[in-house]
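Each chain, letter by letter, is given below.
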Amino acid sequence: MTTVSSTPAAASAAITVVYPPHGFEDIDLARQWVLTFVTWYNGEQLHSGLYFVTPEQRHSGVADAVLRQRREVYAQARERHPLRWERPPRAWQVADEVWLNPPSKLDQRHAT
């Protein structure tokens, strides 16, 4: 199981929504800001908990191909310059489960 942790950008954006520096002039501007943020967060922001793919790539099934290509690139780089690699490359694979807020152990016990 992989947990997607908050990124500094997401935390900053959340603070902006709760405490906008100058407020939003109206509800439509607030909605537009949220739509822009969510579009960026899900479609452009690479998430470390998802092995640096976007949530959109993960949910659409494209992440497998992206990570397969990344494994190939890393393997080629390691083959060309083996002295640069002290450790094996990352395990570029899609996690079976991904949680934004994983259930607590107590919640898991009650679910069974």
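Predicted, not measured: the structure shown is a model, and the values here were computed from it.

*Asks:* Explain the environment of E97 here, please?
*Replies:* By the secondary structure assignment, E97 is in the loop between α4 (63-80) and β2 (98-99). Since its relative accessible area comes to 43%, E97 is described here as partly exposed. Sequence-wise, E97 and L50 are 47 residues apart; in three dimensions their C-alpha atoms are separated by 9.9 Å.

*Asks:* I keep staring at the pattern of salt bridges and nothing clicks. Help me out?
*Replies:* When their charged atoms lie close together, side chains carrying opposite charge are able to pair. Scanning the model with the defined rule gives 1 salt bridge in all. Between D28 and R31 there is a salt bridge; the shortest N-O distance is 3.8 Å. Linking D28 with R31, this pair stays in helix α2 (residues 27-43), spanning 3 residues, or about one helical turn. With a relative accessible area of 52%, D28 lands in the exposed category.

*Asks:* Would you explain the packing of aromatic side chains in this entry?
*Replies:* In this description, an aromatic ring pair is defined by two values, namely the gap between the centres and the angle between the planes. In the structure shown here, the tally under the stated rule is 8 aromatic pairs. With a centroid separation of 5.7 Å and an interplanar angle of 45 degrees, the aromatic rings of F37 and W40 are classed as tilted. With F37 and W40 both in helix α2 and 3 residues apart, the pair spans about one turn of that helix. With a centroid separation of 5.7 Å and an interplanar angle of 65 degrees, the aromatic rings of Y74 and W85 are classed as edge-to-face. A residue pair is termed long-range when its members are at least 10 positions apart, and Y74 in helix α4 and W85 in the loop between α4 and β2 qualify at 11 residues. A cation over an aromatic ring shows up here: R70 above the ring of W92, its NZ or CZ 4.9 Å from the ring centre.

Calculation rules
- Residues numbered from 1 in each chain as written.
- Predicted model: local features only at pLDDT ≥ 70, side-chain atom pairs only at ≥ 80, totals over all residues.
- Heavy atoms only, no water.
- Helix = DSSP H or I, 4+ residues; strand = E, 2+ residues; numbered from the N terminus.
- Buried < 20%, exposed > 50% of the residue type's maximum accessible area, 1.4 Å probe, protein only.
- Salt bridge = Lys/Arg side-chain N within 4 Å of Asp/Glu carboxyl O.
- Phe/Tyr/Trp six-rings, centres within 6.5 Å; stacked < 30°, edge-to-face > 60°.
- Lys NZ or Arg CZ within 6 Å of the ring centre and 35° of its normal.

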